[in-house]
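Examining the three-dimensional arrangement
Residues per chain, in single letters:
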Amino acid sequence: MPSYGSKLTSPIYIRGIGSRINSPAVGLYVDNVPQFDKSSFDFEFYNIERVEVLRGPQGTMYGRNNLGGLIHVYTQSPEKTQNVTAETELGNYGRYNFGLTINQPLGEKTDLQVGGQYRHQDGYFENIYNGKMADKMDVFNARARLIHRWNNHFKSDLIVSTEESKQNGYPYGIIDPSTNQLQPVNYNETSGYDRNLTTAGLVNNWTKNDLSIKATTSAQFINNEQTIDQDFTTDSRYIVSQPQTQLILSQEVSATLDRDNMETIFGIFGFYQSLEKDVDVGTGQDYSTQIRKDYEHTNMGLALFAQTTVSDFLFKRLSVTPGVRIDWEKNTQDYYYDMISDGQLIPMDSTDSDMKFSEILPRISIDYQVSDAFNIYGSLTKGYKTGGFNSTFERPQDQTFDAEHSWSYEAGLKSKWVLNLLRFSITGFYIDWRNQQIYQPVPTGRGSMLKNAGRSESKGMEAELTIRPNKILETTVNTGYTKATFLEYQKNDSTDLSGNHLPYAPRVTLYAGQNIHIPVNNKFLDKALVNINYQGTGKLYWDDENSASQEYYGVWNASVTFRRKNASLSFRSRNIFDKNYQVFRFSALGNNYAQRGIPANFSARLKVMF
């Protein structure tokens with residue numbers, strides 16, 4: 001997830017597919033609960049048990065807007081656990097973090113987990129206009145989880161969380177395109193993002209013999225406000241405030257029947273999403289002209305899905321999995337636009353619009369177990385991301401954008417542990433992408449919107465390798481190569497961008513890490529763990545025209561952890577050699593702006609379990 005701007009700007013890209021604004025193109029689930037809006041993606045992660053990354057379209061099982069893939073975060077369960085965990089972390093740039101988690105059984109059938117966390121960061125970048133840090137942040141969150149086993153067949157899992165964050169944001173400076181020299185942050189209006197995020201999810205599981213039924217109910221409330229100095233200079237040209245409130249409800253019921261050599265999953269999913277958003281723009285001398293835009297947006301949908309895996313299909317060790325999902329969706333928006341100039345209210349425009357979408361999403365995959373250690377696989381999947389309304393637009397033709405579609409082809413080889421020494425996988429993919437939703441600034445440069453391109457493609461390879469020669473050493477290397485380009489994109493009458501690379505899609509990603517587990521076993525220390533890793537990214541472009549780019553760069557990170565019984569002390573350093581790179585760049589209002597990546601930083605963390 002890119003780290004720039006604020007928690008509001010949290011797009012995720014997989015295989016060149018992502019979305020900077022509006023609905024995400026990569027899905028995120030936390031403990032089986034979907035996160036519908038990108039403004040909820042950047043939350044405080046703690047008590048994480050594991051993270052699963054599913055690459056490529058996941059529309060059959062997970063539905064809309066999973067065009068690039070899906071990330072599923074699972075947190076630690078309180079089941080049959082009784083302890084208290086306290087941790088504190090201190091670092092440079094004014095970083096401190098305090099957390100507490102309590103796991104407590106409530107009888108033989110019920111387990112409770114409650115926890116909270118507070119994090120403060122002074123910030124990395126100073127606004128030289130006022131001498132204050134441009135990205136200071138305070139975050140508090142609390143979480144409760146209750147698991148009850150009604151009997152041997154039926155279990156309920158209730159999770160409620162809330163997070164309050166207050167963040168200075170958008171530490172953008174002017175950059176010279178000819179020299180790539182980035183100036184310090186220097187603007188006169190304080191910019192930031194405040195958010196309250198509350199989520200509740202209830203997962204009921206019933207299992208008996210070869211049938212299991214799962215019902216997932218979720219609700220999410222997001223109340224946030226963005227304030228931004230739109231010109232990012234010392235001039236009082238544009239100031240924008242965008243408060244918004246979202247309510248999202250969803251319900252999914254699925255059944256799994258596992259019999260003989262066949263497993264069948266089928267279910268129904270529905271959701272409702274409401275958004276109320278105000279955009280207040282101050283412009284002119286002393287912001288004498290006020291532009292007010294109000295949006296009332298609702299979105300609702302229903303889906304049916306089914307998937308069957310047949311083992312030993314035609315011959316032994318071959319399995320085939322066909323699946324299909326049918327989606328219906330209705331999107332409505334009421335829009336009001338007024339202007340206040342010289343103290344007079346001037347109505348400008350108002351519209352009441354609706355859009356309807358329906359889609360059939362088929363998928364088929366095959367898997368052949370060559371041996372106990374190796375399998376080869378392939379899949380063909382249709383991907384889909386709904387169209388909708390732009391919340392920022394200046395011309396009637398820019399108010400809406402259409403749905404985008406893709407066909408994804410994938411094949412690969414995967415191994416289990418070979419000779420208890422190594423495991424690896426290699427995957428090739430090709431994505432044919434139609435009517436792609438493209439991020440671009442509105443004509444005046446005061447904001448951004450989505451438009452549709454004609455056709456794009458993304459192709460590449462991914463490889464993973466883990467080597468574990470003994471109990472002390474473990475080496476991990478993950479790498480990916482992606483070439484994502486516009487095949488047909490006539491931006492306007494005079495600009496043909498066919499053949500250009502898609503923005504924000506790095507050509508190469510690389511992770512290489514070395515873990516060292518050192519047994520000590522004395523009265524002061526049980527063991528020590530050392531991790532050294534290198535993360536590389538690039539080349540990537542910042543705009544459709546490919547006029548600005550970030551060359552390949554790499555950062556080194558390291559950590560060492562000392563453990564004694566139920567306590568651990570960790571020292572961590574990120575971007576050890578203070579690599580200078582850009583995490584975001586854009587053009588607006590006649591200037592070019594960029595944000596530098598996070599500089600070298602370090603921290604120490606103490607964790608104790610009682």
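Residues numbered from 1 in each chain as written. Predicted model: local features only at pLDDT ≥ 70, side-chain atom pairs only at ≥ 80, totals over all residues. Heavy atoms only, no water.

Before going further, it helps to spend a moment on the overall build of the protein chain. Along its length, the protein chain carries 1 helix and 40 strands. Its C-alpha atoms give the protein chain a radius of gyration of 25 Å, near enough to 25 Å, the size a compact globule of 610 residues would have. Across its three principal directions, the C-alpha atoms of the protein chain cover 75 × 60 × 50 Å. Across the 610 residues of the protein chain, 48% fall into the buried class. Pairs at least 24 apart in sequence give 63% of the contacts found in the protein chain among residues at least 6 apart. Carbon together with sulfur atoms contributes 54% to the accessible area of the protein chain, which is approximately 28,500 Å² in total. (Helix = DSSP H or I, 4+ residues; strand = E, 2+ residues; numbered from the N terminus. Rg over C-alpha atoms; globule rule 2.2 N^0.38 Å. Buried < 20%, exposed > 50% of the residue type's maximum accessible area, 1.4 Å probe, protein only. Contact = heavy atoms within 4.5 Å. Areas by Shrake-Rupley, 256 points an atom, 1.4 Å probe, with all protein chains shown as cover.)

Here we take up the pairing of strand β11 (residues 154-168). In this structure, strand β10 (residues 137-149) lies alongside β11, joined through 13 bridges in antiparallel fashion. The residue bridging Val139 from the neighbouring strand is Ser165, located in β11. Between the antiparallel neighbours β10 and β11 lie 4 residues. Relative to strand β14 (residues 192-208), β11 is paired through 15 bridges, and the arrangement is antiparallel. Its bridge partner being in β14, Glu164 is matched across the sheet by Asn196. (Pairing = 2+ DSSP bridges.)

The subject of this paragraph is unusual backbone geometry. Leave glycine aside and you will find that most residues have negative phi; peptide bonds, for their part, are mostly trans. In this structure, the amide linkage connecting Gly538 to the following residue, Lys539, adopts the cis form with an omega of -10°. Residue placement: Lys539 occurs in the loop between β33 (527-538) and β34 (540-541). Despite not being glycine, Asp312 shows a phi value in the positive range, around 50°. You can see Asp312 is positioned in the loop between β18 (289-310) and β19 (318-341). In the Ramachandran plot, Asn420 falls in the positive-phi region, its phi being about 55° despite a non-glycine side chain. Within the secondary structure layout, Asn420 lies in the loop between β24 (404-415) and β25 (422-434). Look at Asn420 and you get exposed, because its relative accessible area is 68%.

Let us look at the nonpolar core. Tyr170, Tyr172, Phe232, Phe584, Phe586 and Tyr593 are the most contacted members of the largest nonpolar core, which has 37 residues in total. When residues of this core are traced back to their parent elements, those giving at least two are β16 (238-259), β17 (262-283), β18, β19, β36 (553-564) and β38 (582-588). Residue contributions to this core peak at 4 residues, all from β38. For Tyr170, the contacting residues outside a window of four places in its chain are Gly5, Ser6, Leu8, Tyr187, Ser191, Gly192, Tyr193, Gln226, Thr227, Ile228 and Phe232. Within the second largest apolar cluster, 14 residues are counted, among which are Ile17, Ala25, Ile438 and Ala505. (Core = buried A, V, L, I, M, F, W, Y, C linked by side-chain atoms within 4.5 Å.)

Applying the stated rule across the entire model yields 8 cavities of 30 Å³ or more. Size it by volume and the largest cavity reaches roughly 330 Å³. Val30, Phe43, Arg143, Ser161 and Thr199 are the residues nearest the centre of the largest cavity, which is lined by 23 residues in total. By residue class, the composition of the lining of the largest cavity is 10 nonpolar, 9 polar and 4 charged. (1 Å grid on protein atoms, 1.4 Å probe; cavity = no way out; pocket = protein on both sides within 12 Å on 5 of 7 lines; lining within 4 Å. Points joined across faces, edges and corners; volume = space filled by probe spheres on them. Nonpolar A, V, L, I, M, F, W, Y, C, P; charged D, E, K, R; others polar.)

Taken together, the side chains of Glu276, Asp278, Glu296 and Asp352 define an acidic patch exposed on the protein surface. Structurally, Asp352 can be placed in strand β20 (residues 344-369). (Patch = residues over 30% accessible without salt bridge, like charges linked within 9 Å, V, L, I, M, F, W, Y side chains within 5 Å. Salt bridge = Lys/Arg side-chain N within 4 Å of Asp/Glu carboxyl O. Lys, Arg positive; Asp, Glu negative; His and termini not counted. Charge placed at Lys NZ, Arg CZ, Asp CG, Glu CD.)

For the rest of this paragraph, the subject is a nonpolar patch on the surface. A cluster of nonpolar side chains, namely Trp206, Ile213, Val253, Ile268, Leu302, Leu304 and Trp328, defines an oily patch on the protein surface of about 560 Å² accessible area. Mapped onto the fold, Val253 is located in strand β16. According to the relative accessible area criterion, Val253 is partly exposed, its value standing at 35%.

Once that is clear, we can look at the pattern of salt bridges. In the structure shown here, the tally under the stated rule is 28 salt bridges. A salt bridge links Glu410 to Arg15, with the shortest nitrogen-to-oxygen separation between them at 3.1 Å. Remark: Arg15 occurs in the segment before β1 (26-30) and Glu410 occurs in strand β24; sequence separation between them is 395 residues. Among the residues examined, Arg15 registers a relative accessible area of 5% and is labelled buried. The network of salt bridges with shared partners includes Arg15, Arg55, Glu410 and Glu462.

By the secondary structure assignment, Val240 is in strand β16. When the C-alpha atoms of Val240 and Arg292 are compared, they prove to be 9.9 Å apart, with 52 residues separating the residues in sequence. Other than its neighbours up to four places away in sequence, Val240 contacts Gln226, Thr227, Ile228, Gln230, Val279, Asp280 and Val281.

This part takes up the confidence of the model for the protein chain. Per-residue confidence for the protein chain gives a mean pLDDT of 90; residues scoring 70 or more make up 98%. Mean pLDDT across the elements of the protein chain bottoms out in helix α1 (residues 59-62) (75) and peaks in β36 (96). (pLDDT = per-residue confidence, 0-100.)

Another point: the side chain of Thr264. By the element assignment, Thr264 lies in strand β17. According to the relative accessible area criterion, Thr264 is buried, its value standing at 18%. Among residues more than four places away in sequence, those in contact with Thr264 are Ala255, Thr256, Leu257, Gln307 and Thr308.

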